[in-house]
Amino acid sequence: MVATFPLFPDETLDLCELSFGVAPAPALTTIGLADCNNFYAACERVFRPALAERAVIVLSNNDGCVIARSAEAKQLGITMGAPVHEVMSLIKQHEVVVCSANFALYGDLSRRVMSILSQRVPSLEVYSIDEAFLDFAAVPVHVQASFAQNMRAQIKRWTGIPLSIGIAQTKTLAKLANDWAKKRPSGVLALSEETINGWLLGTNIEDVWNIGPRRARFLKQHGVVTAYDLKYANSRWIRQHLYLPGARTQLELRGVPCFPLTNTRTAKQEITSSRSFGSPVHELADLKEALAFYATRACEKLRAQHSLARTITVFLSTNIFRETEPQYQQSVTIKLPHATAYTPEIVNTAHRAVEHIYQPGYAYHKAGITLSKLVSDEWVQGELFAEPPDLRQEAAMTVVDSINKHFGRDTIHVAATGQHKRPADQPPPSWQMKQEHVSPCYTTRWNELAQAQ
DNA sequence: TCTGGGGTCCTAGGACCC
DNA sequence: TCTGGGGTCCTAGGACCC
């Protein structure tokens, strides 16, 4: 493939603009990426050893589509994101083990893995539920691989979760090193100057971190097909067409860090809680119940990070995949009179919002709430004409949170979620999600502990 | 019949100001 | 034919991530 633009080097670009003034190209490999292998499927196996070596898949909420696969399931050709009904014949034919998502279990095992990692390296950045960037700067180059293998073995032994580790000069290269590490028996790869271009030549452009479908299509149209091509493409041209994100990715491929390791967890800038419904919802009353439930979850997250919200957005939609049915999507944003994390107030506001956008006659499929314009609860800007905040509200929420933490989620909840109306022997409301293959919460609920026979 | 949920960052463009 | 110009702030929407 012949590139249709001049090649690197072309040195006029201001590196400082892109890399926050970080000195170019440190000689050492300083960033590790630890990534759990097939994480959700691996979690399901931890307490069910009989699943080892069997094809296992984990489904999204409502058991809708495939969100994780064991290696065996991948081999059968079950693709990520596939709707379950499309792969049902494969599931039956090969007796694939099907699990509903159990995020309480995955979150808890994730915390254990991260805790072990944090004891082994000076600092780490938890990047997602199954990934963390590790500070390798202090580990001498010649022992990095063995150090990583030792850490990997410890995590497998202590938690049962397998993971791979890639080590490189930048986050983007560490992500790639991790992909390549997964294909090796050792599960570890430390990149060196001598080997890196060989690896990059064998890597498709769409497998580079932050190169999504759209940028990949554009790059391929212009002859940039591999990670190697992107590394040596003209940087002005990249800056012009892929803007800052593309330019940073290119520099990272060249070994210049543009995304520094950050170990402080920053508060989220917005918090969303939304779900697809287990079955279609028609009535406003049911939507209000669902929204009260989502608002409760969102407020819990809000208080957990010591924030208050100034704005709430409520949205609802019909099933966009059912093209023959009447479609309706709407959202509304309401500015709160003062920043708050008080669940009853947010539930009431969400109810006003949904009354405003609800249209009868539609089969609703999904709804949700987003809290935004978040501020710290320690530093609240007063409003000239608003009521001062009621300190009793804050105290009440603190008590509710601590009771629910101790006795279990929703021990105390707002009546608007409808839970009090429905004893356990009653059928669940139609908005509640469907989960027919959910595993026990082995590590987070006393009554679901694993038992030795 | 059946198609996830929760985030961040960046850019363009409008509103507004002097 | 010409119809200011430059700056800041805010928001919506796109692209991407897991």
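The structure presented is a predicted model; accordingly, all values stated were derived computationally and were not measured.

Pairing in this open sheet of five strands is mixed, and the strands run S5-S6-S1-S7-S8 from one edge to the other. The open sheet has two free edges, formed respectively by strand S5 (124–128) and strand S8 (188–190), since each of these has just one partner strand. Along the sheet, successive strands turn relative to each other by an average axial angle of 15°, direction set aside. Contacts between helix H5 (residues 103–120) and the sheet are confined to strand S1 (31–36), S5 and strand S6 (131–135), with S5 contributing the most and set at about 155° to the helix.

Attention now moves to the confidence of the model for chain A. Averaged over all residues, the pLDDT of chain A equals 89, while 91% of them reach at least 70. Here residues 1–26 scores under 50 on pLDDT; set against residues more than four positions off or in separate chains, the count is 48 contacts.

Let's shift gears to the protein's contact with DNA strand C. Near DNA strand C lie 14 residues; those nearest to it are Ser128, Lys175, Asn210, Arg214 and Arg215. Protein-adjacent atoms of DNA strand C, using a 4 Å cutoff, are sugar or phosphate at a proportion of 100%. Measuring from a sugar or linking oxygen of DNA strand C, one finds a side-chain N or O atom of Asp130 at 3.1 Å. Take Arg215: an N or O atom from its main chain is 2.7 Å from a phosphate oxygen of DNA strand C. Residue assignment for the surface near DNA strand C shows that the elements contributing at least two residues are S5 and helix H9 (213–221). Its residues assigned to classes, the surface near DNA strand C shows five nonpolar, three polar and six charged.

Quick look at the nonpolar core now. Side chains of nonpolar character tend, in soluble globular proteins, to be buried together. Ranked by size, the top nonpolar core spans 38 residues in total, and within it Phe277, Tyr294, Val314, Ile369 and Leu371 carry the most contacts. Of all elements in the fold, only strand S9 (271–281), helix H12 (284–304), strand S10 (307–318), strand S11 (329–340), helix H13 (343–357) and strand S12 (364–376) reach the threshold of two or more residues within this core. Here the element with the most residues in this core is H12; it accounts for ten residues. Ignoring anything within four residues of it in the chain, the contact list for Val314 reads Leu291, Gln330, Ser331, Val332, Ala350, Ala353, Val354, Ile357, Gly368 and Ile369.

On to the packing of aromatic side chains. Enumeration according to the criterion identifies 20 aromatic pairs in this entry. Here Phe103 and Tyr106 contribute two aromatic rings whose centre-to-centre distance is 5.8 Å and whose plane-to-plane angle is 85°, an arrangement assigned as edge-to-face. In this pair, Phe103 and Tyr106 are both assigned in helix H5, three residues apart and thus about one turn of the helix distant. In this structure Phe103 comes out as partly exposed when scored by relative accessible area, which is 38%.

What follows concerns the protein's contact with DNA strand B. The full set close to DNA strand B counts 24 residues, and Arg248, Thr272, Ser274, Ser276 and Arg322 are the nearest of them. Between Arg275 and DNA strand B, the recorded distance is 2.8 Å, taken from a side-chain N or O atom to a phosphate oxygen. Contact distances for DNA strand B include 2.4 Å between a phosphate oxygen and a backbone N or O atom of Ser276. Broken down by element, the surface near DNA strand B gets its largest block of residues, six residues, from S9. Taken together, the residues of the surface near DNA strand B sort by class into six nonpolar, eleven polar and seven charged.

On to the pattern of salt bridges, then. Under the counting rule described, the total for this entry stands at 14 salt bridges. In this structure, Arg297 and Asp410 form a salt bridge, with 2.7 Å as the shortest nitrogen-oxygen distance. On the criterion of sequence distance, the pair formed by Arg297 in helix H12 and Asp410 in the segment after helix H14 (391–407) is long-range, its members being 113 residues apart. The two residues Arg297 and Asp410 agree in class, both being buried. Salt bridges sharing partners connect three or more residues here, namely Asp108, Arg111 and Arg112.

A few words now on the packing of helix H7 (residues 171–181) against helix H11 (residues 235–253). Taken N-terminus to C-terminus, the directions of H7 and H11 make an angle of 65°; their axes are 7 Å apart at the nearest point. In this view, H7 runs roughly perpendicular relative to H11, as classed from their interaxial angle. Residues Lys171, Thr172, Leu173 and Leu176 of H7 lie in contact with H11, whose contacting residues are Thr249, Glu252 and Leu253. Here the residues of the contact of H7 with H11 sort into three nonpolar, two polar and two charged.

So, about the sheet that holds strand S2 (residues 56–59). Judged by pairing direction, the sheet is mixed, and its three strands sit side by side in the order S3-S2-S4 without closing on themselves. With partners counted over all chains shown, the strands left at the sheet margins are strand S3 (66–69) and strand S4 (97–100), one partner each. Between one strand axis and the next, the sheet turns by 25° as a mean value, whatever way the strands run. Bridge count for S2 against S4 is four bridges, and the pairing is parallel. From the neighbouring strand, Leu59 faces S4, where its bridge partner is Ser100.

Thresholds, definitions, all that
- Residues numbered from 1 in each chain as written.
- Chains lettered and ligands numbered in written order.
- Predicted model: local features only at pLDDT ≥ 70, side-chain atom pairs only at ≥ 80, totals over all residues.
- Heavy atoms only, no water.
- Pairing = 2+ DSSP bridges.
- Helix = DSSP H or I, 4+ residues; strand = E, 2+ residues; numbered from the N terminus.
- Axes fitted to C-alpha atoms, helices over the stretch in contact; angles between N-to-C directions.
- Contact = heavy atoms within 4.5 Å.
- pLDDT = per-residue confidence, 0-100.
- Near = heavy atom within 4 Å.
- Polar contact = N/O pair within 3.5 Å; in protein donor to acceptor, adjacent residues only side chain to side chain.
- Nonpolar A, V, L, I, M, F, W, Y, C, P; charged D, E, K, R; others polar.
- Core = buried A, V, L, I, M, F, W, Y, C linked by side-chain atoms within 4.5 Å.
- Buried < 20%, exposed > 50% of the residue type's maximum accessible area, 1.4 Å probe, protein only.
- Phe/Tyr/Trp six-rings, centres within 6.5 Å; stacked < 30°, edge-to-face > 60°.
- Salt bridge = Lys/Arg side-chain N within 4 Å of Asp/Glu carboxyl O.
- Parallel < 35°, antiparallel > 145°, perpendicular 65-115°, else oblique.

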